[in-house]
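Structural overview for review
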Amino acid sequence: MKRKAIERIKPKKPEGKGLTATLQELGEILILNIYQAKELLVRYCINCETGEHEYWKEQHGWRKGGILNALNEDWRDWEWRTYDDYPKLQGKDANRIKELIKHRAWNNSPWERINGLEYSYNSEIRERCETNRKMKLMNLMRKVPGRPKNLREWFFEQAAGEDYMFRNRETKEFACTNCGESSWPEEIKRQDGEKKIRHNDMVFCPSCGKLVQAKTRTDHIEQKWKSCYLIQPVDEDTSVIRIIEAKVGWDNGRHYVELGDEIRILLYKVYSNRKLKKTYKIYYEDHWEGWTKGNRKNLRAREGYLYPGEFGQILDGTTYSEATKVLEYLSKMGKELNYNRLVAGTGQMKGYAQKIEYLAKGHFWNLLRDTVGCTDYPGYPLQYYGPLDMREESIEGMFRIQDRQKINRIRDEHGGNRMVRWMQYSDEAGQKISKETVQRMIKNEIEPSSIQGLEKYMSPQKIMNYIERQKKEQYAGMTAKDVLEEYKDYLSMCEACCKNMADEMVYRPRELKRRHDEVVVERQQIQILKELENNAEEKEAYAQEMRQKFPEAEEILKEIKSRYEYEDEEYKIIVPNTLVDIVKEGRALHHCAGSSERYFDRIESRETYICFLRRQEAPRIPFYTIEVEPGGTIRQHRSYYDEEPGIEEIRVFLKSWQKAIRKRLTEEDKKLAKISKIKREANIAELEEKKNTRVLQGLAEDFLEAEEIEKELEAV
C-alpha cells in the first residue's frame, strides 16, 4: 500500500450530511473518505486488483483491517447491519466502484463488492500462511533420523522375548516363531521329559534349540499396544523425543513388531539459541494433516521402553541434560516407564534426575514407577504430587522417614506410594506395623490419613481386623474403605452425643450397623429437641459453637456461592449460608450429613462442599443433600433416610450443574480438583466393586463426567 502517496492526496469533501463517503483513486488503489456530519472519520484504501486493504485514522494512523474495522473498531456493531446503513455514496462514485471491482455481488452493492474482495484476499493470505507453515513443519520433520535398523528386534526382546510353536490343524506339524522351521510332534522334546505335547507345554525347537511354548488351540497371538521411546538428534539446535506405538505379535512361523510414530517432542538447545521462547514443542501424528500441534486423536504418552543412545550428546544444551545418566541406566535395565514425565520433571525440578537415579539404582522399582507417574507436565499447578519430598537432598529427607530400616523395607517389599505413606505414618507415630497389616491396608486402598484419630481406640492391626469382620458380618457388598467411613461416622456421632468413649462397648460395638443406625436416630432426636425448643438464643449459641470449631467453613460457603449455585425450570442448587442450615437439612431428611461434624471439617479443609437440591415448586422443603468436590465430582447425594428417590429424574439436571461448575472454576479450584483426582478414581472403582446396579447406574455417569472435567483441566 502506497501510504506516503495516499497521505499527500487531500481528502475529497462530501456534498451531503450524515454518514457519507467520497471516492478518490491512486492508480489501482481506491480511497474512500468516510465522513460523519462532514467531519472526517477514516480513510479506507483497497487495491481493486489484489484486494490488499488498510485504513487510516487520525488517532492512531495506519492499521490493517477491513471496511468493518474502519467503520467501527468493534466490528460486531456492524456485522448484522444491512448495506443501507453503510455510508452514502454519490451515484457516480458507486458506479465507479462497481466498474473497478468485478467481484460478484448479489444485491449489486459497492460495499458488498468490497467485502467480497476483502474475503478473497484474506482467504489467499490464510491459505498461503497455512501452506508455508505446513511446509516448514514438513521440512523440520524430514530432518528427524530414521528408525534404527534393529529397533524391531530390540523392542521384541524388551516387550516379549518369548516364542511359540503353533500346530497346523491340517498337517499337525509345529512351526517355530523364532526360526520359522516346521517339525513333526515326534521330533519335539518337552521340557519335563514327557512325550505327548499338550497346549501350553514348554518344548525345545529341534531346529534352533530355543525353549518355546507349544500352542495346539490357536494359530496366532497379539500383545496389547505398548510404547517405544526414541531420543534422537535433529540438527545442531534441536533434539527429539519420539513416542512410537508398538505391538508384538506371533503367527505361523514368525514373530513380528508393528511400529507407528504417535508423538514427537522437539527439545531446543536454549543455551545456543537464547531467542527461543520455549524449550520444547509437541507435535501429534494425524492421518489427515500429518504432523500437527492439534491432538484430534487424543494421543497420550504412556509407559514404554527406552531405546539406548548417546543421550549426553543428544540432550547437551537443553534444559533436560541432567536426565542423561538416569536415562542411560534405565534404558540398559530395560524398565518400562513414562519417560516423557521423567524428562519433564528433570526440566522443572532441580535435583529431580538425581533422586530418580537413586530410586533406580536402589531397586525401588514400584516406587520409581509411582514417582514418575506423579510427576506432572509443565503448566500444571503441581510439578509433583506424590508422598516424597523432591526438594530435600538427603535420603531421609526425601522419604520423610528418619529410620533407614523402614526405607529399606519399602525396597524389600516392593512398595510404592501407598507403602511410603504407611512407613511415614509408622515413623511419625513411633510404632511398628506388620507386613501383613500394611499389605491388607494397601489392598483395601486405605491411607494412613483415613485412620487418624482412631489410634486412641485401637492399633492399625486391630482396626483392620475389626473393619474386615464388620464387612463380612454387617456390610456384605461394601468395601472395607466404605465400612471404615461408616465406623468413623459412628464414632463422631457418639462423641457428639457425649457417650463414654473409654468404654469398649461404645468405641468397638459388635454390631456396627445396628449401633450406627441407633446413634443416628439418637442424634436426630437431640436435633429435633433443639428445633422444638425454638429458642433463638440457643440457636445462636449453637451456631457460635460451630463457628468456633470450624471458623472458616461459613466463609468458604459464602465464597463458593456464585460458582456452585444453579437452577433450571424444575430444580435448583443452593449453597447453605450457615453450618446450622446443614444440621437442619440432615434432621429433616433423616441422614447423617448434619449429624456428623466430619462434613463440616471437610468443608473447612475444602475437600468437599455441601449443597442443597430443591424443587422449584417447593424451594423451602429439603429434597436432596449433595456432597460435591471442588472439581465437580458428586461424592454423595442423599434424600430421605439415605434413599435416592427420583434419581433418574435428577440425573440430567446434576450433569448440567457439573458443566456449569466447570465453566466457573477458579485457579484454586483447579488445584484442589487436581489433588482430588486419585480419590475420584478410587470412588469409581468402589462403585464397580459394589455391583450395586441402582447406585452404579445412577452415579457412574456423574463420575465419568467428572473424569472428562479432569481431562479438560489438564489441557488448560
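Sequence order as written defines residue numbering, which begins from 1 separately in each chain. The model is predicted, so local features are restricted to residues of pLDDT at least 70 and side-chain atom pairs to those at 80 or more, both for listing and for counting; the totals for chains, interfaces and linings are taken over all residues. Processing note: side-chain calculations cover all non-hydrogen atoms of the structure and skip hydrogens and water entirely.

1. A word on the pairing of strand E5 (residues 61–64)
Criterion used throughout: strands pair if DSSP finds at least two bridges between them. Strands here are runs of E lasting at least two residues and helices are runs of H or I lasting at least four, both read from the DSSP assignment and numbered beginning at the N terminus. Both strand E4 (residues 53–57) and E5 contribute to a ladder of 4 bridges, which runs antiparallel. Considered in E5, the bridge of Trp-56 is made with Trp-62. Here E4 folds back onto E5, and the loop between the two strands holds 3 residues.

2. So, helix H22 (residues 579–589)
The cut-offs for exposure are 20% and 50% of the maximum accessible area for each residue type, with area from a 1.4 Å probe on protein chains only; residues under the lower value are buried, those over the upper are exposed, and the others partly exposed. All of the buried residues in H22 are Leu-579, Val-580, Ile-582, Val-583, Glu-585, Gly-586 and Leu-589. His-590 sits one or two residues past H22 and shows a positive phi near 60 degrees.

3. Remarks on the state of the cysteines
Here is the idea: a disulfide is a covalent bond, and it sits between the sulfur atoms of two cysteines. Any two cysteine sulfur atoms within 2.5 Å of one another count as a disulfide. Applying the stated rule across the entire model yields 0 disulfides. For Cys-179, which is in no disulfide, the shortest distance to another cysteine sulfur is to Cys-205 and amounts to 3.7 Å. Accessibility expressed as a relative area gives 30% for Cys-179, which makes it partly exposed.

4. Let's talk about the packing of aromatic side chains
By convention here, two paired aromatic rings are described through the distance between centres and the angle between planes. Only Phe, Tyr and Trp rings are paired, with Trp represented by its six-membered ring, and only when their centres lie within 6.5 Å; those with planes under 30 degrees apart are stacked, over 60 edge-to-face, the remainder tilted. Overall, the coordinates contain 18 aromatic pairs when judged by the stated rule. Seen from their ring centres, Phe-364 and Phe-399 are 5.6 Å apart, and the 45 degrees between their planes marks the pair as tilted. Taken as a pair, Phe-364 in the loop between helix H10 (352–361) and helix H11 (365–373) and Phe-399 in helix H12 (residues 395–399) lie far apart in primary sequence, 35 residues in all. With a relative accessible area of 0%, Phe-399 lands in the buried category. In textbook terms, an aromatic cluster arises when at least three aromatic residues are bridged by ring pairs, as seen for Tyr-566, Tyr-571, Phe-623, Tyr-624 and Phe-653. A cation sits over an aromatic face here: Lys-361 above Tyr-329, 5.6 Å from the ring centre. Placement of a positive charge over a ring is assigned whenever Lys NZ or Arg CZ falls within 6 Å of the ring centre and within 35 degrees of the normal to the ring plane. Cation over ring: Arg-615 sits above Phe-623, and NZ or CZ is 4.0 Å from the ring centre.

What is shown is where atoms sit, not what they do.
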